[in-house]
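Examining the three-dimensional arrangement
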Amino acid sequence: MAPDRKPARLSRRAVVSAPALLAVVLLRRPAGAAPALMEAAIRDFTGHAPVSPGKVRLEIPPLVENGNTVPVTITVESPMAPDRHVRAIALFNGGNPQPNVITARLGSRSGRAVLSTRMRLATSQRVVAVAEMSDGTFWSDSAEVVVTLAACVES
Amino acid sequence: MARTLINLPRSARRGEVIEIRTLIAHPMETGYRPDASGAVVPRDIIRRFACTYDGEEVFRAEFFPAIAANPFLAFTTIATASGTLTFTWEGDNGFVQTETASITVT
């Protein structure tokens, strides 16, 4: 006869708390740290000044197949006059290893406050555009992007 | 020398807002990607771009690894006078490239 083996005892409490613990572990993955990095990068850009939503329009496809090259256009509402213009436009992301994408400096000689480029997206994430006006105010727009094939994972 | 594409109107009326589109061939290696042997490929990106119009800076940008390979950038400026626009890209490993384009303003 086989020796009487005691089954490993799992307390009711352990069973009940396991899914919650798993959820915490999943949320604590690096992807969870990136939005905090983005917040810090935005604060660095604004110098802790408040950022209001509006005036900025961030155009990015909501669903992209290939995260290696995603077209982005940022348009800021501004007369672009010598006394009232956009001083800078910055783009941030919440899911790549680094929160910055591009920081552009422009002025009244730009005529229009519009900027287009192509960015990488490592995963589905939130993208934020922030504009600095000549009066020192900051405005922003954000977009959620779903990526089906992320950058940096091909080959 | 990396290949570049610069697209802007050949002529414009004074005060007109012109769009400038630039593209430069560059891998924009992020510094996060492992190669076939598993070692991380060192970062090699373009860090800065600037556009000057007759010597005066009209646009400047700082790039980060999240910019896609072969960086594309479109921006605008006001056509003030006939002259030369100079585009400069600077990056890691001493990468510097300067291109010029001329515009006739009537």
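Use the structure listed above.
Notes on the structure in this doc start here. In this convention, every chain numbers its residues from 1, walking through the sequence in written order. As they are written, the chains are lettered A onward and the ligands numbered 1 onward, keeping that order. Reporting of local features is limited, given that this is a predicted model, to residues whose pLDDT is at least 70; pairs of side-chain atoms are given and counted only at 80 or more, and all residues count toward the totals for whole chains, interfaces and linings.

With that out of the way, let us pick up the environment of Leu85(B). Residue and element names in this part refer to chain B. Secondary structure is summarised from DSSP: a helix means a run of H or I of at least four residues, a strand means a run of E of at least two, and numbering begins at the N terminus for each. Relative to the assigned elements, leucine 85 resides in strand 7 (residues 83–91). Sequence separation between leucine 85 and alanine 101 is 16 residues, and the spatial gap between their C-alpha atoms is 5.2 Å. We call two residues in contact when the distance between their C-beta atoms, placed using the backbone, is within 7 Å. Those residues in contact with leucine 85 that sit more than four places away from it in its chain are Leu8, Cys51, Tyr53, Thr100, Ala101 and Ile103.

Residues and elements named next belong to chain A. Its identity as a non-glycine residue notwithstanding, methionine 80 has a phi of 55 degrees, on the positive side. Tracing the sequence through the fold places methionine 80 in the loop between strand 4 (70–76) and strand 5 (86–93). Comment: burial labels come from other C-beta atoms within 10 Å of the residue's own C-beta, placed from the backbone, where a count of 20 or more is buried, 12 or fewer is exposed, and between is partly exposed. Methionine 80 sits in the buried class, given 21 other C-beta atoms within 10 Å.

Here we come to the environment of Ala81(A). Tracing the backbone through its elements, the reader meets Ala81(A) in the loop between strand 4 and strand 5. For Ala81(A) and Gly107(A), which are 26 residues apart along the polypeptide, the C-alpha to C-alpha distance reads 8.5 Å.

A word on the sheet that holds strand 7 (residues 113–119) of chain A. Strand order in the open sheet formed by six strands is 2(A)-4(A)-7(A)-6(B)-3(B)-1(B), with antiparallel pairing between adjacent strands. The open sheet has two free edges, formed respectively by strand 2 (56–59) of chain A together with strand 1 (4–7) of chain B, since each of these has just one partner strand. Between one strand axis and the next, the sheet turns by 15 degrees as a mean value, whatever way the strands run. In this scheme, strands are said to pair when DSSP sees at least two bridges between them. With four bridges connecting them, strand 1 of chain B and strand 3 (residues 17–24) of chain B associate as antiparallel partners. Note that in strand 3 of chain B the partner of Ile6(B) across the bridge is Thr22(B). Throughout, an axis means a line fitted to C-alpha atoms (over the contacting stretch in the case of helices), and angles, computed between N-to-C directions, take values from 0 to 180 degrees.

So, on to the environment of Ser82(B). All names here are of chain B. Secondary-structure assignment places serine 82 in the loop between strand 6 (72–78) and strand 7. On the neighbour-count criterion, serine 82 (14 C-beta atoms within 10 Å) is partly exposed. In this structure the C-alpha to C-alpha distance between serine 82 and serine 102, which are 20 residues apart in sequence, comes to 7.5 Å.

The parts lose accessible area when they come together, and the size of an interface is often stated as this lost area. Each partner contributes to the interface: chain B provides 23 residues, whereas chain A provides 25 residues. Put simply, the parts of the chain that give the side of chain B that touches chain A at least two residues each are strand 5 (56–63) and strand 6 of chain B. No other element matches strand 6 of chain B, which puts seven residues into the side of chain B that touches chain A. Each residue receives one of three labels: charged for Asp, Glu, Lys and Arg, nonpolar for Ala, Val, Leu, Ile, Met, Phe, Trp, Tyr, Cys and Pro, and polar for the others, Gly being one of them. A breakdown of the residues in the side of chain B that touches chain A according to their chemical character gives 17 nonpolar, three polar and three charged. As paired strands, strand 6 (residues 100–105) of chain A and strand 5 of chain B are joined by four bridges and run antiparallel to one another. Residue pairing across strands places Arg105(A) opposite Arg60(B), the latter belonging to strand 5 of chain B.

Bear in mind that shape data such as this cannot, by itself, settle questions of function.
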